[in-house]
Amino acid sequence: MFDSYAENTLRYNQERCINCGMCSSVCPHGVFTPGKEAAVLSNSSSCMECGACALNCPVQAISVESGV
């Protein structure tokens, strides 16, 4: 059973990432940080599932069920 207090719906495919920086720019909680080759999912537990990162990712490397 899904426990919204212990996990979230954020999924990140680092292999698809082109390191554009949009996810780290739009995330209000600093879930992503810029990396050398790709963005780094540095604080996934802080994700509030707003969906801003997924909406702004040009290569659909991020998915989140916004509003869950």
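> Can you tell me about the overall build of the chain, naming the residues and giving the values?
Looking only at helices and strands, one finds 2 helices and 4 strands in the chain. Counting from the amino terminus, helix and strand elements in the chain follow one another as β-α-β-β-α-β. Counting across all 68 residues of the chain, residues that qualify as buried make up 31%. For the chain, the proportion of contacts with a sequence separation of at least 24, taken over those separated by at least 6, is 45%. Element-wise, carbon and sulfur atoms account for 50% of the exposed surface of the chain, whose accessible area totals about 4500 Å².

> Quick rundown of the environment of Ser63? Include the residues and the values.
Its location among the elements puts Ser63 in strand 4 (residues 62-63). Judged by its relative accessible area of 37%, Ser63 is partly exposed. The sequence separation of Ser63 and Tyr12 amounts to 51 residues, and the corresponding C-alpha distance is 6.6 Å. Those residues in contact with Ser63, other than ones at most four positions away along the chain, are Thr9, Leu10, Arg11 and Ala54.

Rules behind the numbers
- Residues numbered from 1 in each chain as written.
- Predicted model: local features only at pLDDT ≥ 70, side-chain atom pairs only at ≥ 80, totals over all residues.
- Heavy atoms only, no water.
- Helix = DSSP H or I, 4+ residues; strand = E, 2+ residues; numbered from the N terminus.
- Buried < 20%, exposed > 50% of the residue type's maximum accessible area, 1.4 Å probe, protein only.
- Contact = heavy atoms within 4.5 Å.
- Areas by Shrake-Rupley, 256 points an atom, 1.4 Å probe, with all protein chains shown as cover.

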